[in-house]
Amino acid sequence: MRDSDFGLRRLHSLLGIIPIGLFLTQHLIINHFATQGVEAFNKASDFMGNLPFVLWLEWIVIYIPLMFHAFFGLYIAFTAKPNTNRYGTYRNWMFTLQRITGVILVVFIAWHIWQTRIQKALGAHVDFDMMADILANPFMIAFYVLGVISATFHFANGFWSFLVTWGITQSPRSQRLSTYVMMGLFLVLSVIGIRAIFAFV
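Conventions adopted
Residues numbered from 1 in each chain as written. Predicted model: local features only at pLDDT ≥ 70, side-chain atom pairs only at ≥ 80, totals over all residues. Heavy atoms only, no water. Helix = DSSP H or I, 4+ residues; strand = E, 2+ residues; numbered from the N terminus. Rg over C-alpha atoms; globule rule 2.2 N^0.38 Å. Buried < 20%, exposed > 50% of the residue type's maximum accessible area, 1.4 Å probe, protein only. Contact = heavy atoms within 4.5 Å. Areas by Shrake-Rupley, 256 points an atom, 1.4 Å probe, with all protein chains shown as cover. Lys, Arg positive; Asp, Glu negative; His and termini not counted. Charge placed at Lys NZ, Arg CZ, Asp CG, Glu CD. Axes fitted to C-alpha atoms, helices over the stretch in contact; angles between N-to-C directions. Parallel < 35°, antiparallel > 145°, perpendicular 65-115°, else oblique. Left-handed = near helix turned anticlockwise from the far one by under 90°. Nonpolar A, V, L, I, M, F, W, Y, C, P; charged D, E, K, R; others polar. Core = buried A, V, L, I, M, F, W, Y, C linked by side-chain atoms within 4.5 Å.

> Honestly, the overall build of the protein in this entry has me stumped. Any pointers?
From N to C terminus, the protein includes eight helices and zero strands. Starting at the N terminus, the α and β elements of the protein follow one another as α-α-α-α-α-α-α-α. For 201 residues, the compact-globule estimate of 2.2 N^0.38 gives 17 Å, and the C-alpha radius of gyration of the protein, at 18 Å, lies within 12% of that figure. For the protein, the C-alpha atoms occupy an extent of roughly 50 × 30 × 25 Å along the three principal directions. Counting across all 201 residues of the protein, residues that qualify as buried make up 40%. Considering only intrachain contacts with a sequence separation of at least 6, the fraction spanning at least 24 residues in the protein is 73%. Only carbon and sulfur atoms are counted for the fraction: they give 72% of the accessible area of the protein, which is about 11,900 Å². Each charge class in the protein was averaged separately, 13 positive and 8 negative side chains, and the resulting centres sit 20 Å apart.

> Help me understand the packing of helix H5 (residues 90-121) against helix H7 (residues 138-165), please; the structure alone is not making it clear to me.
Between two packed helices, both the angle of their axes relative to each other and the distance between the axes serve to describe the pair. As a packed pair, H5 and H7 sit with axes 8 Å apart at the nearest point and diverge in direction by 130 degrees. When the interaxial angle is binned, H5 and H7 end up oblique. The chirality of how H5 crosses H7 is left-handed. Looking at the contact of H5 with H7, its residues break down into 14 nonpolar, ten polar and one charged.

> What exactly am I supposed to notice about the nonpolar core here?
Membership of the largest hydrophobic core comes to 30 residues, with the highest contact counts inside it found for Met-131, Ile-134, Leu-135, Tyr-144, Ile-197 and Phe-200. Elements represented by at least two residues in this core include exactly helix H2 (20-32), H5, helix H6 (128-134), H7 and helix H8 (172-199). Considering every element that reaches this core, the biggest residue donor is H7, with twelve residues. Ignoring any residue separated from it by four or fewer positions in sequence, one finds Leu-135 in contact with Met-140, Ile-141, Tyr-144, Ile-197, Phe-200 and Val-201.

> For this particular structure, what's the right way to read the environment of Ile-18?
Within the secondary structure, Ile-18 is located in the loop between helix H1 (3-17) and H2. Taking the C-alpha atoms as reference points, Ile-18 and Ala-77, separated by 59 residues in sequence, lie 21 Å from one another.

> What is the right way to read the packing of H7 against H8 from this model?
Where H7 meets H8, the axes come as close as 9 Å, and the angle between the chain directions of the two elements is 155 degrees. The angle between H7 and H8 places the two elements in the roughly antiparallel class. The element H7 and its partner H8 pack so that their crossing is right-handed. A per-class count over the contact of H7 with H8 returns 19 nonpolar, six polar and no charged.

Next up, the structure:
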């Protein structure tokens, strides 16, 4: 691997956690306010949408890092050589699922941005009713559940890889322990995200 590729992969890994992973967690928590009713969700959504310099924050903290992570991630996904047929180990399957969920997320996030942020730019109001209208279609419920599970898995498994890539978990014991922690993170965030989806239904 070339030094430039190594540096880009480390940056790709870092951006997947900070800021993208932090934004994902915050986004799921904001959406979870829907379980407390229309007013609670709208209040939380309006607060986030009316932060000072929100457009600059979105581009610097979300869109630019996300575009780099997505495009470089697609390059990794389509140039990687998974060996699950030869070595059917747990970690090899996680490697393959990381690439599959990454491709799913490129489609899901692009569609989600179209349905929410771009519609907002065109004059729509992002609120409880907008999400309820989107999720009135059973196909969209399934699509959003797939998107949320893909996102939470990709983040949790990517977090595991980040800890290895950055030399934080070097021993087999620390990597095994982080596997359990990331499984827990995946399950917790998935429950939060799926509960939020069905709160709009």
